[in-house]
Amino acid sequence: MAGWVVVQMSSTGRTRMASYLAGLKDPLKSSSHILWSLESVYRGGLFGVGIGNATTKLIGLPFSATDSIFAVIVEELGFVGALGLIALYGILLWRGLVIASRAPDLLGSVMAAGLTFWIIIEALINMTMIIGLIPVAGNALPFVSGGGSNLIATLTAIGILLGISRQSGQKAPADSNERRSYSATVDLRRRDRRRSVSRPGRAASHQR
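Quick caveat, the model's predicted, so the values are computed rather than measured. Residue positions are given per chain, counted from 1 along the sequence in the order it is written. Reporting of local features is limited, given that this is a predicted model, to residues whose pLDDT is at least 70; pairs of side-chain atoms are given and counted only at 80 or more, and all residues count toward the totals for whole chains, interfaces and linings. Remark: hydrogens and water are excluded; side-chain values derive from all non-hydrogen atoms of the structure.

### As for the overall build of the protein
1) Next: Each helix is a run of DSSP H or I of at least 4 residues and each strand a run of E of at least 2, with the numbering of both proceeding from the N terminus. On a plain count of helices and strands, the protein comes out with eight helices and zero strands.
2) Next: Sequence-ordered secondary structure for the protein, helices as α and strands as β, is α-α-α-α-α-α-α-α.
3) Next: For each residue, the accessible area found with a 1.4 Å probe, counting protein chains only, is set against the maximum for its type, and the residue is called buried under 20%, exposed over 50%, and partly exposed in between. In the protein, which comprises 208 residues, the share counted as buried stands at 29%.
4) Next: Should any heavy atoms of two residues lie within 4.5 Å, those residues are counted as being in contact. Residue pairs at least 24 apart in sequence account for 61% of intrachain contacts in the protein once pairs closer than 6 positions are excluded.
5) Next: Roughly 13,600 Å² of accessible area belongs to the protein as shown, and the carbon and sulfur atoms make up 63% of that amount. Where accessible areas are quoted, they stem from the Shrake-Rupley method and a 1.4 Å probe; at the residue level, only the protein chains shown are allowed to cover.

What follows is the structure, encoded as structure tokens:
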């Protein structure tokens, strides 16, 4: 529903959707962005033209350092290099889900899974956009695209994942099916190490 509203209210959204639908019927009628991206994929072949030898990034591929960086990778490293990059994202997905399953509490589990899927979906949108499977979205490829803001956000997510992983390495609760809640911890001792709760015998003496 949100996507439909954007397409109806934004001229850019309508243009991108129209070019996407036209490209599904005839690839030659796709937008210039998709045509240049497909040209890069075609030039790359199986093993690519070599690192730094891509030409489409110099003669017409738009946003070659950010939105279209996957097309440059395919041209320079070929289909094999693209599969290698996809495999790295697959490893990240696997490790993120492992961290989520071993998180010490429910909040950590949900947060780890959410951050992992966010990074993977961003990568999936970027790569499928380049080969024309979805409309042009204009998002960055995590860890690869140029630009500081996206890299900072992605590295922050990885830092949170590492923090959750570190917590999961600590001693597990007695009941493995029960999630720990750090906010429920109660300190029964004062700072001077004396008990703040009176013992039963002392309480009985006070009642006398």
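### Observations concerning the environment of Gly60
1) Next: The residue Gly60 is located in the loop between α4 (56–59) and α5 (69–101) in this model.
2) Next: Residue classification places Gly60 among the partly exposed positions, given a relative accessible area of 31%.

### Examining helix α7 (residues 148–168)
1) Next: Spanning 21 residues, α7 covers 30 Å between terminal C-alpha atoms, matching the ideal 30 Å at 1.5 Å per step.
2) Next: Buried within α7 we find Thr154, Ala157, Leu161 and Ile164. The buried side chains of α7 occupy one side of the element, clustering within an arc of 75° when seen end-on. Away from the buried face of α7 by more than 90 degrees, exposed residues Ser149, Ile152, Leu162 and Arg166 are located.
3) Next: Check the buried side of α7 and you find it contacts α5 and α6 (106–130). Multiply 1.5 Å by the residue count of a helix minus one, and that product is the helix's expected span. Arc definition: directions from the helix axis to the C-beta atoms.

### Focus: the side chain of Thr116
1) Next: Along the polypeptide, Thr116 turns up in helix α6.
2) Next: Apart from residues no more than four positions distant in its own chain, Thr116 is found in contact with Leu92, Leu93, Gly96 and Leu161.

Any link to function would need more than the numbers given here.
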